Amino acid sequence: MILLNSNAEHIFWLGRYLARTQYLCSIFPFQDVDTALNYAHAFCLPAFDADSMNELVLNAEQPASFSSQFQYAQSNIQDLRGVLSAKSYAELSRLIRNASDNPGYICDVVTDCQDVLESESEDVFLFFSLGQAIEQLDRQLRMQQDIQHTLAKIEHIVMALVQFGWESVQEAWLALKQQPNSQNFYHFSDHIQNMFEVAV
């Protein structure tokens, strides 16, 4: 099956949203002010201590909440009905229902969704991995965390993208690899987004 650009983009963003939610799950609940403020400042969130940060991520009306992020992921999954295997789509639909009926299950469901997607075809896994790695690097740069492991992961993904026909991604990647800062990250990220409009 040929993976269309729109489908590749949905898979990419699904990877981003699931990675974002999984990381938030790993540090929730916020228990100290420094951790809460570091996260809030990194993502420009209106929180001023651990309690307000916890309230924000539990408020379904907030774009950065567990519920909102999972809804974004859910929308991308539904758009992939004709791309994923019938077995994977059925399993993801079941997981989504469980999380929708009980938001407390979202953190468990996110990991299960990732396991399902990692068993999909090579092309699906490629763009899913790309989305996850881009999200991880974005967060690590914002929060001044170690990025070396993620850069190594992206290098392998870029090599696979070149084999996929995305040769032009190499230049933007080289600039990011040599100077891994926010400016080069956004240039690389924008290049990836542009490729969805002209390639695949």
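The structure presented is a predicted model; accordingly, all values stated were derived computationally and were not measured.

With that settled, the discussion passes to helix H9 (residues 169-178). Within H9 the residues assigned to the buried category are Val 169, Ala 172, Trp 173 and Leu 176. Taken around the axis of H9, the buried residues stretch over an arc of 100 degrees, which confines them to a single face. Along H9, the residues that are exposed and aim more than 90 degrees away from the buried face are Glu 171 and Gln 178.

With that out of the way, let us pick up the state of the cysteines. Considering all chains together, one arrives at 1 disulfide under this definition. With no disulfide partner, Cys 113 has as its closest neighbouring cysteine sulfur the one in Cys 25, 11 Å distant. Given a relative accessible area of 0%, Cys 113 falls into the buried group.

Another point: unusual backbone geometry. In this model, Phe 28 is joined to Pro 29 through a cis peptide bond whose omega is 0 degrees. Looking at where Pro 29 falls in the secondary structure, it is placed in the loop between helix H1 (5-27) and helix H2 (33-42). For Cys 44, which is not a glycine, the phi torsion comes out positive at approximately 55 degrees. Mapped onto the fold, Cys 44 is located in the loop between H2 and helix H3 (50-58). We classify Cys 44 as exposed; its relative accessible area is 67%.

Between its first and last C-alpha atoms helix H10 (residues 182-198) spans 25 Å; for 17 residues at 1.5 Å apiece the expected length is 24 Å, and the two agree. Along H10, the positions that sit buried rather than exposed are Asn 184, Phe 185, Phe 188, Ser 189, His 191, Ile 192, Met 195 and Phe 196. The buried side chains of H10 occupy one side of the element, clustering within an arc of 155 degrees when seen end-on. Exposed side chains of H10 directed beyond 90 degrees from the buried face belong to Gln 183, Glu 197 and Val 198.

Thresholds, definitions, all that
- Residues numbered from 1 in each chain as written.
- Predicted model: local features only at pLDDT ≥ 70, side-chain atom pairs only at ≥ 80, totals over all residues.
- Heavy atoms only, no water.
- Buried < 20%, exposed > 50% of the residue type's maximum accessible area, 1.4 Å probe, protein only.
- Helix = DSSP H or I, 4+ residues; strand = E, 2+ residues; numbered from the N terminus.
- Arc of directions from axis to C-beta.
- Disulfide = S-S within 2.5 Å.
- Expected span 1.5 Å × (residues − 1).

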